[in-house]
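Below, each chain spelled out in residue letters.
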Amino acid sequence: MKTFFAEEQKRHDPKAFLSSGAPQPNPERPERVERLLAGAKSAGLTIERPREHGLGPVAAVHTPEYLAFLEHIFARWQRIEGASAEVMPNIHPLARTGSYPASAVGQAGYHMADTACPISAETWQSALWSAWSAVEAAEAVISGAPAAYALCRPPGHHAFADVAGGFCFINNSAVAAQVLRKQAGRVVILDVDLHHGNGTQGIFYARADVLTVSLHADPVRFYPFFWGHADERGEGPGLGYNFNLPLPRKSADAAFLEALEVAFQRIHAFSPDALVVALGLDAFEGDPFGGLSVTTPGFSRIGEAIAKLGLPTIIVQEGGYLCDALGDNLTAFLTGFGGKQR
Ligand SMILES: [Zn+2]
């Protein structure tokens, strides 16, 4: 099984974000890449650079005004006297039904859900290459590979069609799923990140061709707070095609694997042609976010269980933050999944 990754993905280097109102160092560090690359190599995977794929696959799930914002906002921000070094929002619309703001500050508030996704000079290119890694993995599976791993960084699952959030700019899992739709009638996205995949849910919320399933720490007292509850089931033609499994804080391997079985029942009933795994490793017991208590052997069992679905699979990297076991957790998942043999 191949890993797709481009060096440009390391250039985005956000400095800060607000946590409970306090400025903190941003945990979505370029160093995550080194740990994850080492983890993929330890699992026996080969690393390949993706090709450039243009804006098409990204524009298939994001609005043009949002993509123009991501590409140009940093340069525009530099013209504001006294502005912050990185683009950060400070005012948000209460409803998104009004007119589109013309100013850089207004657009930052319109297109950024929170302060965790500051935009610097390198952000656009890093996010684009991250998405191209996902596209390349999807193309590999379309060409007949049973599975592929996209080492996406920056991550993507908190990005909506026109909103960045939670360290995410382009929704790589959604991009991969949409590319798969060229060949697969029905695609399922299974999100095992610690946090609810709110952006992915939002992108496919009214669609019946992509089933979105997310296991995550209960958002009642955890990011992203406003999404991820069990009663969010989709809307319109997509009603019944979104499935959330919020877990009590500190849930460990047994509870996670039990919820995964419930997810599998729903996935079987959807009878998908292909699978995208939104692989966050931050459900780990030692992750700095401390929301769930999955162990390193637990990730191996999760990988093994997902492999048994027997579907063409793209594994897309989402969260998982700096801790001693970050690389080992990826190795455990990929080994459990049987990555070397695929
Ligand atoms: Zn996460």
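Here the structure is a predicted model, which means the values were calculated and not measured.

Undergrad: Describe the coordination of the zinc ion, listing the residues and the values that go with them.
TA: The protein atoms donating to the zinc ion are Asp193 (OD), His195 (ND1) and Asp282 (OD), with metal-donor distances spanning 2.0 to 2.1 Å. Along the chain, the residues donating to the zinc ion fall in the pattern D-x1-H-x86-D. Across this residue pair, the class does not change: Asp193 and His195 are buried.

Undergrad: Lay out the side chain of Thr3 in plain terms, naming residues and giving numbers.
TA: Within the secondary structure layout, Thr3 lies in strand β1 (residues 2-4). When its relative accessible area of 0% is taken as the criterion, Thr3 is described as buried. Aside from chain neighbours lying at most four places away, what touches Thr3 is Ala40, Leu45, Thr46, Ile47, Glu48, Tyr149 and Leu151.

Undergrad: A description of unusual backbone geometry should follow, citing residues and the corresponding values.
TA: In this structure, the amide linkage connecting Arg153 to the following residue, Pro154, adopts the cis form with an omega of 0°. By the secondary structure assignment, Pro154 is in the loop between β5 (147-150) and α6 (172-180). Note that the residue after Tyr223, namely Pro224, is joined by a cis bond; omega there is 10°. Examined against the element boundaries, Pro224 turns out to sit in the loop between β7 (210-217) and β8 (242-247). In this model, Phe167 sits at a positive phi of 75°, which is unusual for a non-glycine residue. Residue placement: Phe167 occurs in the loop between β5 and α6. On the accessibility criterion, Phe167 (7% relative accessible area) is buried. For Lys250, which is not glycine, the phi dihedral falls at a positive 70°. Turning to its location among the elements, Lys250 is positioned in the loop between β8 and α8 (253-270). Given the relative accessible area of 49%, Lys250 is considered partly exposed.

Undergrad: Please set out the pattern of salt bridges residue by residue, giving values where relevant.
TA: Per the stated rule, a full pass over the model turns up 14 salt bridges. Ionic pairing is found between Lys15 and Asp13, a salt bridge with its closest N-O pair at 3.1 Å. Taking the shortest distance from any N to any O, the salt bridge between Arg29 and Asp13 comes out at 2.9 Å. With Arg29 in the loop between β3 (22-25) and α1 (31-42) and Asp13 in the loop between β1 and β2 (16-19), this pair connects stretches of sequence that are 16 residues apart. Classification of Asp13 by relative accessible area gives partly exposed; the value is 22%. Linked by salt bridges that have partners in common, Glu7, Lys10 and Glu34 make up one network.

Undergrad: Give me the lowdown on the pairing of strand β6 (residues 187-191), citing residues and values where you can.
TA: The element β6 is largely enclosed, with a buried count of five among its five residues. As paired strands, β6 and β7 are joined by five bridges and run parallel to one another. Across the sheet, the residue bridging to Val187 is Val210, located in β7. Handedness of the crossover is the feature at issue here: the chain leaves β6, passes through helix α7 (residues 198-204), returns alongside β7, and the resulting connection is right-handed.

Undergrad: Give me the environment of Val163: which residues, what numbers.
TA: Looking at the secondary structure, you find Val163 in the loop between β5 and α6. Here the alpha-carbon distance between Val163 and Ala131, two residues 32 residues apart in the chain, equals 16 Å. Beyond its immediate chain neighbours, meaning those up to four positions away, Val163 contacts Tyr66, Arg96, Tyr110, His111, Met112, Ala113 and His158.

Rules used in this analysis
Residues numbered from 1 in each chain as written. Predicted model: local features only at pLDDT ≥ 70, side-chain atom pairs only at ≥ 80, totals over all residues. Heavy atoms only, no water. Donors = N, O, S within 2.8 Å, 3.2 Å for Na, K, Ca; no water. Buried < 20%, exposed > 50% of the residue type's maximum accessible area, 1.4 Å probe, protein only. Helix = DSSP H or I, 4+ residues; strand = E, 2+ residues; numbered from the N terminus. Contact = heavy atoms within 4.5 Å. Salt bridge = Lys/Arg side-chain N within 4 Å of Asp/Glu carboxyl O. Pairing = 2+ DSSP bridges. Right-handed = clockwise from strand over helix to strand, strands pointing away.

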